[in-house]
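Report on the structure
Letter by letter, the chains look like this.
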Amino acid sequence: MVHWSAEEKQLIASVWGKVNVEECGAEALARLLIVYPWTQRFFSNFGNLSSPTAIIGNPKVRAHGKKVLTSFGEAVKNLDNIKGTYSKLSELHCDKLHVDPENFRLLGDILVIVLASHFGRDFTPACQFAWQKLVGVVAHALARKYH
Amino acid sequence: MVLSANDKSNVKTVFAKIGGHAEEYGGEALDRMFHAYPQTKTYFPHFDLGKGSAQVKGHGKKVAAALVEAANHIDDIAGALSKLSDLHAQKLRVDPVNFKLLGHCFLVVVACHNPALLTPEVHASLDKFLCAVGTVLTAKYR
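Thresholds applied
- Residues numbered from 1 in each chain as written.
- Chains lettered and ligands numbered in written order.
- Predicted model: local features only at pLDDT ≥ 70, side-chain atom pairs only at ≥ 80, totals over all residues.
- Heavy atoms only, no water.
- UniProt positions renumbered as here; feature names shortened; annotations may be inferred.
- Helix = DSSP H or I, 4+ residues; strand = E, 2+ residues; numbered from the N terminus.
- Rg over C-alpha atoms; globule rule 2.2 N^0.38 Å.
- Buried < 20%, exposed > 50% of the residue type's maximum accessible area, 1.4 Å probe, protein only.
- Contact = heavy atoms within 4.5 Å.
- Areas by Shrake-Rupley, 256 points an atom, 1.4 Å probe, with all protein chains shown as cover.
- Lys, Arg positive; Asp, Glu negative; His and termini not counted.
- Charge placed at Lys NZ, Arg CZ, Asp CG, Glu CD.

For chain B, the name recorded in an unreviewed UniProt entry is HBA protein, with Ptilonorhynchus violaceus as its organism.

As recorded by an unreviewed UniProt entry, chain A carries the name Hemoglobin subunit beta and is attributed to Ptilonorhynchus violaceus. In its Sequence similarities (unreviewed entry) section, the UniProt record describing chain A reads: "Belongs to the globin family." As recorded by UniProt, the Function (unreviewed entry) comment attached to chain A reads in full: "Involved in oxygen transport from the lung to the various peripheral tissues."

In terms of helices and strands, chain A carries eight helices and zero strands. Overall, chain A shows an N-to-C arrangement of helices and strands of α-α-α-α-α-α-α-α. Here chain A has a C-alpha radius of gyration of 15 Å; the compact-globule value for 147 residues is 15 Å, and the two agree. In chain A, buried positions account for 48% of the 147 residues. When contacts within chain A are restricted to residue pairs at least 6 apart in sequence, those whose partners lie at least 24 apart make up 73%. When the accessible surface of chain A is totalled, it reaches about 7,300 Å², and 56% of it is carbon and sulfur. Taken together, the 17 basic and 13 acidic charged side chains of chain A have centroids lying 4 Å from each other.

What follows deals with the UniProt feature "domain: Globin" (unreviewed entry) in chain A. Residues given the UniProt feature "domain: Globin" (unreviewed entry) here are residues 3-147 of chain A. Taken as a whole, residues 3-147 of chain A contains 70% helix and 0% strand, while its terminal C-alpha atoms sit 26 Å from one another.

In structure tokens:
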């Protein structure tokens, strides 16, 4: 089980409380597809991903981004059992979706950058530390059931 | 990984807009890296890594200067950073994984201070550029 200090929990909660899940989720997924274009391999049925503009405006990208970040919210609500929270999703990503876990790390780092751009100086080094830890734990949990 | 004409132009724009703040960003990127990835501190046992450290600021200036140099010679980053590449291969031998960590923290700093500048396209270009710099610095390792 991961240990979270009181400060880390507070930093995570205070940032999360101000996040617009739909906007942030859409932006994070769009940036993933733009910055690391090979990640588009998982979304061949999303329609037009031919340019950054197309990706950002793509309604499927927005919807899926919201879905992904909403799910991330479950981790924030269950910091003491992230493993359990993502057990089924881990199996899904392995058995059905066939996603290389490296992609979870990439998305996690993109999310940190999106948060930084929204919160500016309030996204202090201590805040970044807590969130890097969180995205790392989530990535690990999602990879845990791979076989 | 090849930098397109667009990438090069985006990178030059970023550094032009950042201007004199580059040195400060270098220091902050290091500071964030030491916080977020404590294992990176192992390369600086001789530094005071506390808040406001003059050594970290000084080193940040060096890092920033190298990035600016690379951006100014973006058609030949290997040439521009050749001496630094030798230094990292022969003397410093920083494990290659750490260049990604510092690059990521530099992006975070730019995002914090200039969110409007870091559009998705510019983010992609800058990320590619930072990867290219890391590749050059580790190119002579073996």
